[in-house]
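# Reading the structure
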Amino acid sequence: MVTISILPQWRQLFDRDKTIQTNSFDEDILLAESWMSIGLILSSYKSWETLEYITIWIPDFFCMETIEKFKEPWMIIRFYPITNELEPDWNIIKEWKKQEYSVDFFLFVHYFGIKRDVEKAKVFCENIRCFLIEDCTHALFANSKIGKSGDFILFSPHKCLSIPDGAILKFNITSKNKAIAENILNDIKTLQRRKNDYVWLLKRVMQKMFRIQKKPTYFVEPHYGDCISRRNGIDIERISAYSERHLKRISPKQLKEYAYIRHDNLEVMNYLISKELSTCNTAIVSGSSVPFVGAYTWEGLKNKQLLANKLLEKGYCLQSWPDLPAEIKNDALHATAIKLSENIFTVPIHQSIKPQELIQKYGTRKKKQYWAEHLRIEWDKVTKEKWEIIFNKINIS
(Lines give C-alpha, C1' and ligand atoms only; values in the text may rest on other atoms or scores of the structure.)
Protein backbone atom coordinates (compact mmCIF):
# COMPACT_ATOMS: atom_id res chain seq x y z
CA MET A 1 0.00 0.00 0.00
CA VAL A 2 1.27 3.48 -0.88
CA THR A 3 0.91 5.63 2.23
CA ILE A 4 1.88 9.19 3.10
CA SER A 5 3.37 8.02 6.39
CA ILE A 6 6.33 5.66 6.68
CA LEU A 7 5.00 2.37 8.00
CA PRO A 8 7.12 0.47 10.55
CA GLN A 9 7.65 -3.28 10.34
CA TRP A 10 5.57 -5.52 12.59
CA ARG A 11 8.55 -6.49 14.72
CA GLN A 12 9.11 -2.81 15.53
CA LEU A 13 5.49 -2.25 16.56
CA PHE A 14 5.45 -5.18 18.99
CA ASP A 15 9.05 -5.11 20.17
CA ARG A 16 9.23 -5.38 23.97
CA ASP A 17 12.99 -4.91 24.29
CA LYS A 18 13.36 -1.56 26.07
CA THR A 19 17.15 -1.36 26.10
CA ILE A 20 18.71 1.66 24.40
CA GLN A 21 21.86 0.83 22.50
CA THR A 22 24.89 3.08 22.24
CA ASN A 23 26.03 4.18 18.78
CA SER A 24 27.10 7.25 16.79
CA PHE A 25 23.95 9.13 17.83
CA ASP A 26 25.30 9.31 21.40
CA GLU A 27 27.38 12.32 20.36
CA ASP A 28 24.29 14.23 19.19
CA ILE A 29 21.56 16.07 21.05
CA LEU A 30 18.30 14.17 20.54
CA LEU A 31 15.14 16.24 20.87
CA ALA A 32 11.51 15.47 20.04
CA GLU A 33 11.07 17.87 17.07
CA SER A 34 13.38 20.00 14.93
CA TRP A 35 11.71 23.31 15.86
CA MET A 36 12.87 22.59 19.39
CA SER A 37 16.47 22.60 18.15
CA ILE A 38 16.04 26.13 16.80
CA GLY A 39 14.32 27.29 19.98
CA LEU A 40 17.06 25.78 22.15
CA ILE A 41 19.85 27.40 20.08
CA LEU A 42 18.29 30.86 20.24
CA SER A 43 17.32 30.74 23.91
CA SER A 44 20.77 29.46 24.93
CA TYR A 45 22.42 32.25 22.95
CA LYS A 46 20.14 34.86 24.53
CA SER A 47 20.92 33.73 28.06
CA TRP A 48 24.65 33.46 27.34
CA GLU A 49 24.88 36.96 25.81
CA THR A 50 22.20 38.42 28.15
CA LEU A 51 20.53 40.12 25.17
CA GLU A 52 17.08 41.68 25.10
CA TYR A 53 16.38 40.71 21.48
CA ILE A 54 17.81 38.24 18.95
CA THR A 55 17.42 38.53 15.18
CA ILE A 56 17.18 35.49 12.91
CA TRP A 57 16.90 35.53 9.12
CA ILE A 58 14.73 32.73 7.74
CA PRO A 59 13.92 31.96 4.08
CA ASP A 60 10.43 33.04 3.06
CA PHE A 61 9.83 29.56 1.61
CA PHE A 62 9.53 27.98 5.06
CA CYS A 63 6.85 26.26 7.14
CA MET A 64 4.84 28.68 9.27
CA GLU A 65 3.89 26.01 11.81
CA THR A 66 7.56 25.44 12.61
CA ILE A 67 8.15 29.16 13.12
CA GLU A 68 5.08 29.62 15.30
CA LYS A 69 6.19 26.82 17.59
CA PHE A 70 9.67 28.20 18.39
CA LYS A 71 8.83 31.92 18.12
CA GLU A 72 9.13 34.05 21.26
CA PRO A 73 8.42 37.78 21.87
CA TRP A 74 12.17 38.49 22.13
CA MET A 75 12.86 37.11 18.64
CA ILE A 76 13.01 39.40 15.60
CA ILE A 77 12.33 37.30 12.49
CA ARG A 78 13.21 38.64 9.03
CA PHE A 79 12.19 36.62 5.98
CA TYR A 80 14.74 36.71 3.18
CA PRO A 81 13.59 35.89 -0.38
CA ILE A 82 14.73 32.84 -2.33
CA THR A 83 15.16 32.25 -6.05
CA ASN A 84 13.42 29.80 -8.39
CA GLU A 85 16.43 27.49 -7.84
CA LEU A 86 15.59 27.36 -4.10
CA GLU A 87 18.71 29.31 -3.18
CA PRO A 88 18.87 32.54 -1.12
CA ASP A 89 18.42 35.67 -3.21
CA TRP A 90 21.89 37.01 -2.54
CA ASN A 91 21.22 40.26 -4.42
CA ILE A 92 18.58 41.24 -1.87
CA ILE A 93 20.61 39.92 1.05
CA LYS A 94 23.65 41.96 0.00
CA GLU A 95 21.46 45.07 -0.12
CA TRP A 96 20.29 44.34 3.40
CA LYS A 97 23.92 44.00 4.43
CA LYS A 98 24.69 47.45 2.97
CA GLN A 99 21.80 48.87 4.97
CA GLU A 100 23.31 47.24 8.06
CA TYR A 101 20.26 45.19 8.98
CA SER A 102 21.13 43.31 12.16
CA VAL A 103 21.36 39.52 12.14
CA ASP A 104 22.49 37.07 14.80
CA PHE A 105 21.48 33.83 13.05
CA PHE A 106 21.07 32.91 9.38
CA LEU A 107 18.94 29.82 8.64
CA PHE A 108 19.87 27.97 5.44
CA VAL A 109 17.74 25.11 4.05
CA HIS A 110 18.64 22.10 1.88
CA TYR A 111 15.18 21.83 0.33
CA PHE A 112 13.83 18.31 -0.30
CA GLY A 113 17.19 16.84 0.74
CA ILE A 114 19.04 18.30 -2.26
CA LYS A 115 22.43 19.86 -1.59
CA ARG A 116 22.32 23.65 -1.97
CA ASP A 117 25.18 26.16 -2.02
CA VAL A 118 25.65 26.28 1.73
CA GLU A 119 29.30 27.32 1.35
CA LYS A 120 28.17 30.71 0.06
CA ALA A 121 26.00 31.10 3.15
CA LYS A 122 28.94 30.09 5.33
CA VAL A 123 31.17 32.79 3.82
CA PHE A 124 28.38 35.36 4.23
CA CYS A 125 27.96 34.48 7.91
CA GLU A 126 31.70 34.58 8.54
CA ASN A 127 31.95 38.03 6.94
CA ILE A 128 29.19 39.57 9.04
CA ARG A 129 29.98 37.49 12.16
CA CYS A 130 26.65 35.77 12.60
CA PHE A 131 25.86 32.10 13.22
CA LEU A 132 24.82 29.72 10.45
CA ILE A 133 22.04 27.22 11.19
CA GLU A 134 22.14 24.54 8.49
CA ASP A 135 18.69 22.97 8.10
CA CYS A 136 19.11 19.37 6.88
CA THR A 137 15.73 18.18 8.13
CA HIS A 138 14.82 16.85 4.65
CA ALA A 139 18.01 14.78 4.47
CA LEU A 140 18.24 11.18 5.61
CA PHE A 141 21.80 11.55 6.92
CA ALA A 142 24.88 13.76 6.74
CA ASN A 143 27.38 13.29 3.93
CA SER A 144 30.30 15.16 2.41
CA LYS A 145 27.92 17.77 0.95
CA ILE A 146 25.20 18.15 3.57
CA GLY A 147 25.55 18.75 7.30
CA LYS A 148 29.18 19.90 7.38
CA SER A 149 29.11 23.70 7.10
CA GLY A 150 26.78 25.10 9.74
CA ASP A 151 27.70 26.28 13.20
CA PHE A 152 24.55 24.41 14.20
CA ILE A 153 23.08 21.57 12.12
CA LEU A 154 19.53 20.23 12.21
CA PHE A 155 18.25 16.80 11.20
CA SER A 156 14.75 15.41 11.65
CA PRO A 157 14.84 11.59 11.53
CA HIS A 158 11.16 11.23 12.41
CA LYS A 159 10.39 12.65 8.94
CA CYS A 160 12.47 9.98 7.20
CA LEU A 161 12.11 6.98 9.54
CA SER A 162 9.20 5.14 11.13
CA ILE A 163 9.32 6.78 14.57
CA PRO A 164 6.75 9.19 16.05
CA ASP A 165 9.26 11.86 17.06
CA GLY A 166 12.97 12.60 16.88
CA ALA A 167 15.22 15.49 15.95
CA ILE A 168 19.02 15.75 15.94
CA LEU A 169 21.05 18.84 16.80
CA LYS A 170 24.75 18.79 15.90
CA PHE A 171 27.57 21.33 16.32
CA ASN A 172 30.65 22.14 14.31
CA ILE A 173 32.58 23.32 17.34
CA THR A 174 34.73 26.41 16.76
CA SER A 175 35.87 29.25 18.97
CA LYS A 176 32.85 31.19 17.70
CA ASN A 177 30.14 28.82 18.92
CA LYS A 178 31.90 26.81 21.63
CA ALA A 179 30.43 28.78 24.52
CA ILE A 180 26.87 28.53 23.14
CA ALA A 181 27.27 24.80 22.51
CA GLU A 182 28.37 24.30 26.11
CA ASN A 183 25.41 26.36 27.27
CA ILE A 184 23.06 24.18 25.22
CA LEU A 185 24.59 21.01 26.69
CA ASN A 186 23.86 22.39 30.15
CA ASP A 187 20.32 23.39 29.20
CA ILE A 188 19.32 19.93 27.93
CA LYS A 189 20.04 18.43 31.33
CA THR A 190 16.86 20.09 32.62
CA LEU A 191 14.61 19.00 29.74
CA GLN A 192 11.95 16.37 30.22
CA ARG A 193 11.69 13.36 27.93
CA ARG A 194 8.63 13.26 25.64
CA LYS A 195 6.12 10.57 26.61
CA ASN A 196 5.73 7.63 24.24
CA ASP A 197 3.07 8.30 21.60
CA TYR A 198 0.77 5.28 21.80
CA VAL A 199 -1.78 6.97 19.53
CA TRP A 200 0.87 6.98 16.77
CA LEU A 201 1.48 3.26 17.36
CA LEU A 202 -2.24 2.47 17.20
CA LYS A 203 -2.63 4.40 13.95
CA ARG A 204 0.24 2.51 12.32
CA VAL A 205 -1.19 -0.84 13.43
CA MET A 206 -4.58 0.11 11.94
CA GLN A 207 -2.95 1.21 8.69
CA LYS A 208 -1.02 -2.03 8.32
CA MET A 209 -3.95 -4.29 9.27
CA PHE A 210 -6.77 -2.61 7.36
CA ARG A 211 -4.83 -0.71 4.67
CA ILE A 212 -6.37 2.56 5.83
CA GLN A 213 -5.24 5.69 4.02
CA LYS A 214 -6.79 9.13 4.46
CA LYS A 215 -7.96 10.42 1.09
CA PRO A 216 -5.88 13.52 0.30
CA THR A 217 -7.18 16.76 -1.15
CA TYR A 218 -5.13 19.26 -3.08
CA PHE A 219 -5.70 22.75 -4.47
CA VAL A 220 -3.40 24.54 -6.90
CA GLU A 221 -2.93 27.82 -5.03
CA PRO A 222 -0.44 29.47 -2.68
CA HIS A 223 -0.51 27.65 0.65
CA TYR A 224 -0.33 29.56 3.92
CA GLY A 225 -0.11 28.11 7.42
CA ASP A 226 -2.41 28.47 10.39
CA CYS A 227 -1.15 30.15 13.53
CA ILE A 228 -0.15 27.38 15.98
CA SER A 229 1.74 28.82 18.92
CA ARG A 230 4.14 26.88 21.14
CA ARG A 231 2.85 28.96 24.01
CA ASN A 232 -0.33 26.90 23.87
CA GLY A 233 1.48 24.40 26.03
CA ILE A 234 4.16 22.63 23.97
CA ASP A 235 7.51 22.60 25.74
CA ILE A 236 10.97 21.77 24.43
CA GLU A 237 11.47 18.07 25.14
CA ARG A 238 14.03 15.34 24.64
CA ILE A 239 13.23 12.48 22.29
CA SER A 240 10.82 9.84 23.59
CA ALA A 241 12.26 6.57 24.89
CA TYR A 242 10.47 4.60 22.15
CA SER A 243 11.89 6.74 19.35
CA GLU A 244 15.40 6.85 20.79
CA ARG A 245 15.41 3.09 21.21
CA HIS A 246 14.47 2.43 17.58
CA LEU A 247 16.58 5.24 16.16
CA LYS A 248 19.70 3.85 17.79
CA ARG A 249 19.01 0.37 16.42
CA ILE A 250 19.31 1.61 12.85
CA SER A 251 22.81 0.98 11.56
CA PRO A 252 24.65 3.10 8.96
CA LYS A 253 24.25 0.14 6.58
CA GLN A 254 20.47 0.20 7.04
CA LEU A 255 20.38 3.95 6.38
CA LYS A 256 22.22 3.40 3.11
CA GLU A 257 19.75 0.66 2.16
CA TYR A 258 16.89 3.09 2.85
CA ALA A 259 18.66 5.62 0.64
CA TYR A 260 18.83 3.13 -2.25
CA ILE A 261 15.11 2.32 -1.91
CA ARG A 262 14.17 6.01 -1.82
CA HIS A 263 16.29 6.69 -4.87
CA ASP A 264 14.74 3.76 -6.77
CA ASN A 265 11.24 4.93 -5.82
CA LEU A 266 12.07 8.44 -6.97
CA GLU A 267 13.22 7.22 -10.38
CA VAL A 268 9.99 5.26 -10.84
CA MET A 269 7.79 8.11 -9.57
CA ASN A 270 9.53 10.68 -11.79
CA TYR A 271 8.81 8.43 -14.77
CA LEU A 272 5.15 7.94 -13.80
CA ILE A 273 4.50 11.64 -13.17
CA SER A 274 6.17 12.62 -16.45
CA LYS A 275 3.82 10.24 -18.29
CA GLU A 276 0.75 11.51 -16.44
CA LEU A 277 1.55 15.15 -17.18
CA SER A 278 2.96 14.46 -20.68
CA THR A 279 6.15 16.35 -19.93
CA CYS A 280 9.60 15.44 -18.62
CA ASN A 281 10.29 18.87 -17.06
CA THR A 282 8.26 18.56 -13.86
CA ALA A 283 10.69 16.83 -11.46
CA ILE A 284 12.52 19.06 -8.98
CA VAL A 285 14.34 16.18 -7.25
CA SER A 286 16.35 13.80 -9.43
CA GLY A 287 19.85 12.49 -10.05
CA SER A 288 21.93 11.19 -7.17
CA SER A 289 19.89 12.84 -4.40
CA VAL A 290 18.57 10.86 -1.44
CA PRO A 291 15.09 12.31 -1.64
CA PHE A 292 12.76 13.31 1.19
CA VAL A 293 9.78 13.29 -1.18
CA GLY A 294 9.17 13.39 -4.88
CA ALA A 295 8.77 17.09 -5.69
CA TYR A 296 7.27 18.41 -8.92
CA THR A 297 6.05 21.65 -10.46
CA TRP A 298 2.94 22.68 -12.36
CA GLU A 299 4.93 25.57 -13.86
CA GLY A 300 4.13 26.03 -17.55
CA LEU A 301 1.23 23.56 -17.57
CA LYS A 302 -2.37 24.43 -18.44
CA ASN A 303 -5.47 23.30 -16.52
CA LYS A 304 -3.40 22.70 -13.39
CA GLN A 305 -6.33 21.91 -11.08
CA LEU A 306 -7.78 19.45 -13.60
CA LEU A 307 -4.41 17.70 -13.75
CA ALA A 308 -4.26 17.61 -9.94
CA ASN A 309 -7.75 16.13 -9.76
CA LYS A 310 -6.75 13.50 -12.32
CA LEU A 311 -3.75 12.45 -10.22
CA LEU A 312 -5.88 12.35 -7.06
CA GLU A 313 -8.47 10.16 -8.77
CA LYS A 314 -5.73 7.71 -9.71
CA GLY A 315 -4.66 7.48 -6.08
CA TYR A 316 -1.57 9.72 -6.04
CA CYS A 317 -1.03 11.20 -2.55
CA LEU A 318 -0.53 14.85 -3.54
CA GLN A 319 0.64 17.23 -0.85
CA SER A 320 1.75 20.83 -0.63
CA TRP A 321 4.85 22.05 1.19
CA PRO A 322 5.47 24.41 2.88
CA ASP A 323 2.55 26.33 4.35
CA LEU A 324 4.03 29.80 4.04
CA PRO A 325 4.21 32.43 6.80
CA ALA A 326 1.20 34.74 6.73
CA GLU A 327 3.53 37.76 7.01
CA ILE A 328 4.70 37.43 3.40
CA LYS A 329 1.23 37.32 1.83
CA ASN A 330 0.76 39.94 -0.92
CA ASP A 331 4.34 41.20 -0.49
CA ALA A 332 6.09 41.68 -3.86
CA LEU A 333 9.47 40.96 -2.23
CA HIS A 334 8.31 37.38 -1.68
CA ALA A 335 6.63 36.82 -5.05
CA THR A 336 8.95 33.92 -5.93
CA ALA A 337 8.15 31.99 -2.73
CA ILE A 338 4.43 32.55 -3.28
CA LYS A 339 4.67 31.34 -6.88
CA LEU A 340 6.68 28.27 -5.83
CA SER A 341 4.07 27.47 -3.20
CA GLU A 342 1.37 27.55 -5.85
CA ASN A 343 3.28 25.41 -8.36
CA ILE A 344 5.15 22.79 -6.29
CA PHE A 345 3.48 19.56 -5.22
CA THR A 346 4.98 16.50 -3.54
CA VAL A 347 4.27 12.76 -3.35
CA PRO A 348 5.69 10.19 -0.87
CA ILE A 349 8.53 7.93 -2.04
CA HIS A 350 9.82 6.62 1.31
CA GLN A 351 11.39 3.26 2.08
CA SER A 352 8.22 1.45 3.23
CA ILE A 353 7.04 1.61 -0.40
CA LYS A 354 8.50 -0.79 -2.97
CA PRO A 355 9.17 0.31 -6.57
CA GLN A 356 7.03 -2.54 -7.89
CA GLU A 357 4.12 -1.29 -5.76
CA LEU A 358 4.31 2.09 -7.48
CA ILE A 359 4.26 0.46 -10.91
CA GLN A 360 1.39 -1.86 -10.01
CA LYS A 361 -0.70 0.93 -8.48
CA TYR A 362 -0.08 3.77 -10.92
CA GLY A 363 1.37 2.22 -14.07
CA THR A 364 -1.01 2.01 -17.03
CA ARG A 365 1.40 -0.12 -19.04
CA LYS A 366 2.83 -3.57 -18.55
CA LYS A 367 5.87 -3.78 -16.28
CA LYS A 368 8.10 -5.00 -19.09
CA GLN A 369 7.22 -1.95 -21.15
CA TYR A 370 8.11 0.31 -18.24
CA TRP A 371 11.53 -1.26 -17.77
CA ALA A 372 12.19 -1.26 -21.53
CA GLU A 373 11.40 2.46 -21.82
CA HIS A 374 12.97 3.60 -18.59
CA LEU A 375 16.21 1.69 -18.16
CA ARG A 376 19.50 2.25 -19.99
CA ILE A 377 22.05 -0.51 -19.52
CA GLU A 378 25.49 0.65 -18.40
CA TRP A 379 28.24 -1.87 -17.69
CA ASP A 380 30.35 -1.93 -14.51
CA LYS A 381 28.28 0.75 -12.80
CA VAL A 382 27.12 -1.30 -9.79
CA THR A 383 29.45 -2.37 -7.00
CA LYS A 384 29.28 -5.83 -5.46
CA GLU A 385 27.82 -4.36 -2.25
CA LYS A 386 25.03 -2.52 -4.06
CA TRP A 387 24.25 -5.58 -6.19
CA GLU A 388 23.78 -7.64 -3.00
CA ILE A 389 21.31 -5.05 -1.71
CA ILE A 390 19.41 -5.09 -5.00
CA PHE A 391 19.44 -8.89 -5.11
CA ASN A 392 17.96 -9.09 -1.61
CA LYS A 393 15.01 -6.95 -2.75
CA ILE A 394 13.87 -9.56 -5.27
CA ASN A 395 10.65 -11.31 -4.27
CA ILE A 396 11.15 -15.06 -4.44
CA SER A 397 8.14 -16.52 -6.25
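Preceding this section is the structure that the text describes.
Residues numbered from 1 in each chain as written. Predicted model: local features only at pLDDT ≥ 70, side-chain atom pairs only at ≥ 80, totals over all residues. Heavy atoms only, no water.

## Description of the state of the cysteines
Applying the stated criterion to the full structure yields 0 disulfides. Distance from the sulfur of Cys130, which forms no disulfide, to the nearest cysteine sulfur (Cys125) is 3.5 Å. Classification of Cys130 as buried rests on a relative accessible area of 1%. (Disulfide = S-S within 2.5 Å. Buried < 20%, exposed > 50% of the residue type's maximum accessible area, 1.4 Å probe, protein only.)

## Details of the packing of helix α10 (residues 252-277) against helix α11 (residues 304-313)
Helix-helix packing is characterised by the crossing angle of the two axes and by the distance between the axes. In contact at an axis separation of 11 Å, α10 and α11 are set at 130 degrees when each is read in the N-to-C sense. One element, α10, and the other, α11, form an angle in the oblique class. Judged by the sense of rotation from one axis to the other, the crossing of α10 with α11 is right-handed. Between α10 and α11, the contacting residues are Ile273, Glu276 and Leu277 on the first element and Leu307, Lys310 and Leu311 on the second. Residue classes in the contact of α10 with α11 are distributed as 4 nonpolar, no polar and 2 charged. (Axes fitted to C-alpha atoms, helices over the stretch in contact; angles between N-to-C directions. Helix = DSSP H or I, 4+ residues; strand = E, 2+ residues; numbered from the N terminus. Parallel < 35°, antiparallel > 145°, perpendicular 65-115°, else oblique. Left-handed = near helix turned anticlockwise from the far one by under 90°. Contact = heavy atoms within 4.5 Å. Nonpolar A, V, L, I, M, F, W, Y, C, P; charged D, E, K, R; others polar.)

## Brief notes about the nonpolar core
Judged by nonpolar contacts, the single largest core of 107 residues is most densely connected at Phe105, Phe106, Phe152, Ile184, Trp298 and Leu318. Looking at which element gives the most residues to this core, the answer is α10, with 9 residues. Residue contacts for Phe152: discarding those within four places in its chain leaves Ile41, Phe105, Phe131, Leu132, Ile133, Glu134, Leu169, Lys170, Phe171, Asn177, Ile180 and Ile184. With 5 residues, the next largest nonpolar core counts Leu13, Trp200, Val205 and Tyr242 among its residues. (Core = buried A, V, L, I, M, F, W, Y, C linked by side-chain atoms within 4.5 Å.)

## Here's the deal with the packing of helix α2 (residues 34-49) against helix α7 (residues 178-187)
Relative to each other, α2 and α7 sit at 110 degrees, their axes nearing to 9 Å. Relative to α7, the element α2 is oriented roughly perpendicular. As α2 packs across α7, the resulting crossing turns out to be right-handed. Counted together, Leu40, Ile41, Ser44, Tyr45, Ser47 and Trp48 of α2 and Ala179, Ile180, Asn183, Ile184 and Asp187 of α7 form the full contact between these two elements. Class assignment for the residues of the contact of α2 with α7 results in 7 nonpolar, 3 polar and 1 charged.

## Focus: a nonpolar patch on the surface
Residues Trp10, Phe14, Leu202, Met206, Met209, Phe210 and Ile212 make up a contiguous nonpolar surface patch of about 740 Å² in total accessible area. Tallying contributions element by element places helix α8 (residues 198-210) first for the nonpolar patch, with 4 residues. Take Phe210: it is sitting in helix α8. (Patch = residues over 30% accessible without salt bridge, like charges linked within 9 Å, V, L, I, M, F, W, Y side chains within 5 Å. Areas by Shrake-Rupley, 256 points an atom, 1.4 Å probe, with all protein chains shown as cover. Salt bridge = Lys/Arg side-chain N within 4 Å of Asp/Glu carboxyl O.)

## Details of the sheet that holds strand β1 (residues 29-31)
Read from one edge to the other, the open sheet built from 7 strands follows the order β1-β7-β6-β5-β4-β2-β3, with strand pairing classed as mixed. With one partner strand each, in any of the chains shown, β1 and β3 (75-80) form the two edges of the open sheet. Strand-to-strand, the axes of this sheet are offset by a mean angle of 20 degrees, without reference to chain direction. Of the strand pairs in this sheet, strand β6 (residues 152-155) and strand β7 (residues 167-171) are connected by 4 bridges, and their pairing is antiparallel. For Phe155, the partnering residue across the bridge sits in β7 and is Ile168. (Pairing = 2+ DSSP bridges.)

## Considering the packing of aromatic side chains
Going through the model one piece at a time under the given rule, you end up with 26 aromatic pairs. With a centroid separation of 6.1 Å and an interplanar angle of 65 degrees, the aromatic rings of Tyr111 and Trp321 are classed as edge-to-face. In this pair, Tyr111 sits in the loop between β4 (105-109) and α5 (118-128) while Trp321 sits in the loop between α11 and α12 (335-343), placing the two residues 210 residues apart along the sequence. The exposure class of Tyr111 is buried, given its relative accessible area of 1%. Accessibility expressed as a relative area gives 21% for Trp321, which makes it partly exposed. The ring of Trp96 is capped by Arg78, whose NZ or CZ atom sits 5.1 Å from the centre of that ring. Over the aromatic face of Tyr224 sits the side chain of Lys329, whose NZ or CZ is 4.6 Å from the ring centroid. (Phe/Tyr/Trp six-rings, centres within 6.5 Å; stacked < 30°, edge-to-face > 60°. Lys NZ or Arg CZ within 6 Å of the ring centre and 35° of its normal.)

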